[in-house]
Amino acid sequence: MPTTVHPEPAAGPATWPGALAHARLHVVSGKGGTGKTTVAAALALALATGGKRVLLVEVEGRQGVAQVFDTAPLPYAERRIAVAAGGGEVRALAVDTEAALLEYFEMFYRLGMAGRTLRRMGAIEFATTLAPGLRDVLLTGKAKECVTRTETDGRPAYDAVVLDAPPTGRLVGFLDVTKAMADLAKVGPIHGQAKGVEALIHSPLTAVHLVTLLSDLPVTETLDAVAELGRADIAVGTLVVNRMREQWLPDRSVTAAADGRVDAGRIANGLQSAGIELAPDEIDGLVAETVEHAVGVAAETAALRRLDTEPDPPLPRLTLPAVLGGVDLGALYELAESMIGQGVYLEPRR
C-alpha cells in the first residue's frame, strides 16, 4: 500500500522564519511528557551545524540533558557533550540555584568566602524562599550572561544558547518574573540583573519554541501558552510537533479503517497472492492493528487542523517523527537532521 503523511496546509508560514536565524536565546518548553528536553537537545545539535558553538542549558535539576546524551550528570560548569556536522560543538550546563547565587554574590558584591558561609548557614535557601522570584531571576540571569558573554576579541562566546525551560504551565511566570523582581528591588544589582534579563526576553534575540504532541490535551495547553505568551509580549518562534507517526494507509482508507471497516478477507487474499499465509487469529490481529493505526492517524490529523486554524495567523511549525525503541544519541542526530531539512539554521556570531 502507498505510504502518505499527514496533510499539511497548501500555503502557510515558513517552518523556520529568517528572523530565527538571528535569535541568540532559544527557549524550549512544552507540556510535561511531550519530549521538550529531547527537542531542545536536537535543536542545539541542529543550530551547531556548520562550525557553530551552542550552549544547552537546563534549569530544572532533573539532569535530563545528561540522560538524553547518555553522559554523566552535568556539573555547574560548561562542558562539551557533542560535536555537530561541519565542526560545530554543543556544550551543556546544568544551572544549580545555590551555585548561581554564590556566583552572583561574588560578581556583584565580592562576598567570596562570606557567600560560602551563607550557604553553610542555610541563608541561600532562606533568601530564595523569602523571594521565590529570585530563584528564577538567577536561572534566567545565568542564561542571559551566557548569551551576552564575549571572548577577548569581542566576539560572542556562543552563537546561540538553547534553554530547556520549565513546562508550559509555568513558562510565562518563569520568563517574566523579572518584571516582579524589578519592582521588588528598585535599585542595585538585583534591579539591574532583572531589567537586563527582561530586555533580552522581550527582544528579537529571544524565541520561544513550544513542543506538543498531536493529542487534545497537549495541543490545548500549547494554544493556551501561545495566548499567554502573546499577552506577555514574548515572541513565539515555532511550534514543534513531536513524535508524529508515519501514515501507512492511503488517505482514502483512513476514515473507513478508523470506523472499524476493514475487510479481513481482502487482506488475507492480498497476502496469499504475495505468497504469505497467515492463520485467522493472525489476520484478526493485523486488522486490529490497522484500525488502531487509522484511529491514531485520524486523531492526529484533527489536532493538526487545530494548529492550522486556532493560532491566527498560523505559527511556523516543525514536525519530528516518532522514534521507535527510545531516543539515544544516534536518534538525536537524526532528529537534528530532520530539523535542518526543514530549514533550521543559525547565522554565525559576528
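See the structure printed just above.
The text that follows walks through the structure, step by step, so that each part is easy to find. None of these values were measured; they are calculated from a predicted model.

A word on the overall build of the protein chain
In step 1: A count of helical and extended segments in the protein chain gives 13 helices and 8 strands.
In step 2: In the protein chain, of all internal contacts separated by at least 6 residues, the share reaching a separation of at least 24 is 75%.
In step 3: Put simply, the protein chain shows about 16,500 Å² of open surface, and 56% of that area lies on carbon and sulfur atoms.

Some remarks on the pattern of salt bridges
In step 1: This model, assessed by the stated rule, comprises 15 salt bridges.
In step 2: Among the ionic pairs, Glu145 bridges to Arg149, the shortest N-O distance being 2.9 Å.
In step 3: Since its relative accessible area comes to 24%, Glu145 is described here as partly exposed.
In step 4: Salt bridges sharing common partners tie together Arg53, Arg80, Glu89, Arg91 and Glu151.

Examining the pairing of strand 4 (residues 88-94)
In step 1: Within strand 4, 6 of the 7 residues are buried, leaving the element largely enclosed by the surrounding structure.
In step 2: Examined bridge by bridge, strand 2 (residues 53-58) and strand 4 share 6 bridges and lie parallel to one another. Bridging from a neighbouring strand, Val54 pairs with Val90 of strand 4.
In step 3: Here strand 3 (residues 79-84) runs beside strand 4; their pairing, made up of 5 bridges, is antiparallel. By the bridge assignment, Val83 is partnered in strand 4 with Glu89.
In step 4: Linkage of strand 3 to strand 4, two consecutive antiparallel strands, is achieved through a turn of 3 residues, within which Gly86 is found at a positive phi near 80°.

Section: the packing of helix 1 (residues 36-48) against helix 13 (residues 329-341)
In step 1: At a minimum axis distance of 8 Å, the contact between helix 1 and helix 13 shows a crossing angle of 65°. Crossing of helix 1 over helix 13 shows right-handed handedness. Residue-level inspection shows Thr38, Val39, Ala41, Ala42, Leu43, Leu45 and Ala46 of helix 1 in contact with helix 13, the latter providing Leu332, Tyr333, Leu335, Ala336, Met339 and Ile340.
In step 2: Among the residues making up the contact of helix 1 with helix 13, the classes are represented as 12 nonpolar, 1 polar and no charged.

Digging into the environment of Glu246
In step 1: One can find Glu246 in the loop between strand 7 (236-244) and helix 10 (251-258).
In step 2: Relative accessible area serves as the criterion here: at 41%, Glu246 is assigned to the partly exposed category.
In step 3: The sequence separation of Glu246 and Pro321 amounts to 75 residues, and the corresponding C-alpha distance is 7.3 Å.

Comments concerning helix 9 (residues 216-231)
Owing to its 3.6 residues per turn, the α-helix aligns residues three or four sequence positions apart on the same side.
In step 1: With 16 residues, helix 9 should cover 22 Å at 1.5 Å per step; its first-to-last C-alpha distance of 23 Å lies within 8% of that length.
In step 2: The complete set of buried residues in helix 9 reads Pro218, Val219, Thr222, Leu223, Ala225, Val226 and Leu229. The buried residues of helix 9 all sit within an arc of 155° when viewed along its axis, so they share a single face. Exposed residues on helix 9 whose side chains face more than 90 degrees from its buried face are Asp216, Leu217 and Arg231.
In step 3: In the segment just after helix 9, Asp233 is the residue with positive phi, at about 60°.

Section: the side chain of Thr238
In step 1: Along the chain, Thr238 turns up in strand 7.
In step 2: Here His209 takes part through its side chain, which lies 3.0 Å from a polar atom of the side chain of Thr238.
In step 3: Other than its neighbours up to four places away in sequence, Thr238 contacts Thr15, Trp16, Leu20, Val208, His209, Leu210, Pro316 and Leu318.

Quick word on the sheet that holds strand 5 (residues 160-164)
In step 1: The 8 strands lie next to each other as 3-4-2-5-1-6-7-8, forming an open sheet whose pairing is mixed. Both outer strands of the open sheet, strand 3 and strand 8 (317-321), are each paired with one neighbouring strand and no more. Ignoring which end each strand starts from, the neighbouring axes of this sheet average 25° apart.
In step 2: Where strand 2 and strand 5 come together, 5 bridges link them in parallel fashion.

With respect to the environment of Arg306
In step 1: As for its placement among the helices and strands, Arg306 is situated in helix 12 (residues 280-309).
In step 2: Separated by 86 residues in the primary sequence, Arg306 and Thr220 place their C-alpha atoms 9.1 Å from one another.
In step 3: Residues within four places of Arg306 in sequence aside, it is in contact with Asp216, Val219, Thr220, Leu223 and Pro311.

Concerning helix 13
In step 1: Between its first and last C-alpha, helix 13 extends 19 Å over 13 residues, near the 18 Å set by a 1.5 Å rise per residue.
In step 2: Every buried residue of helix 13 is listed here: Ala331, Leu332, Leu335, Ala336 and Met339. Relative to the axis of helix 13, the buried residues are bounded by an arc of 145° and lie together on one face. Opposite the buried face of helix 13, by more than 90 degrees, sit the exposed residues Glu334 and Gly341.
In step 3: Those residues of helix 13 hidden inside the fold are in contact with helix 1, helix 2 (64-68) and strand 8.
In step 4: For helix 13, the side-chain oxygen to backbone nitrogen distance between the N-cap and Gly330 is 3.2 Å, and the N-cap itself is Asp328.

Rules behind the numbers
Residues numbered from 1 in each chain as written. Predicted model: local features only at pLDDT ≥ 70, side-chain atom pairs only at ≥ 80, totals over all residues. Heavy atoms only, no water. Helix = DSSP H or I, 4+ residues; strand = E, 2+ residues; numbered from the N terminus. Contact = heavy atoms within 4.5 Å. Areas by Shrake-Rupley, 256 points an atom, 1.4 Å probe, with all protein chains shown as cover. Salt bridge = Lys/Arg side-chain N within 4 Å of Asp/Glu carboxyl O. Buried < 20%, exposed > 50% of the residue type's maximum accessible area, 1.4 Å probe, protein only. Pairing = 2+ DSSP bridges. Axes fitted to C-alpha atoms, helices over the stretch in contact; angles between N-to-C directions. Left-handed = near helix turned anticlockwise from the far one by under 90°. Nonpolar A, V, L, I, M, F, W, Y, C, P; charged D, E, K, R; others polar. Expected span 1.5 Å × (residues − 1). Arc of directions from axis to C-beta. Polar contact = N/O pair within 3.5 Å; in protein donor to acceptor, adjacent residues only side chain to side chain.

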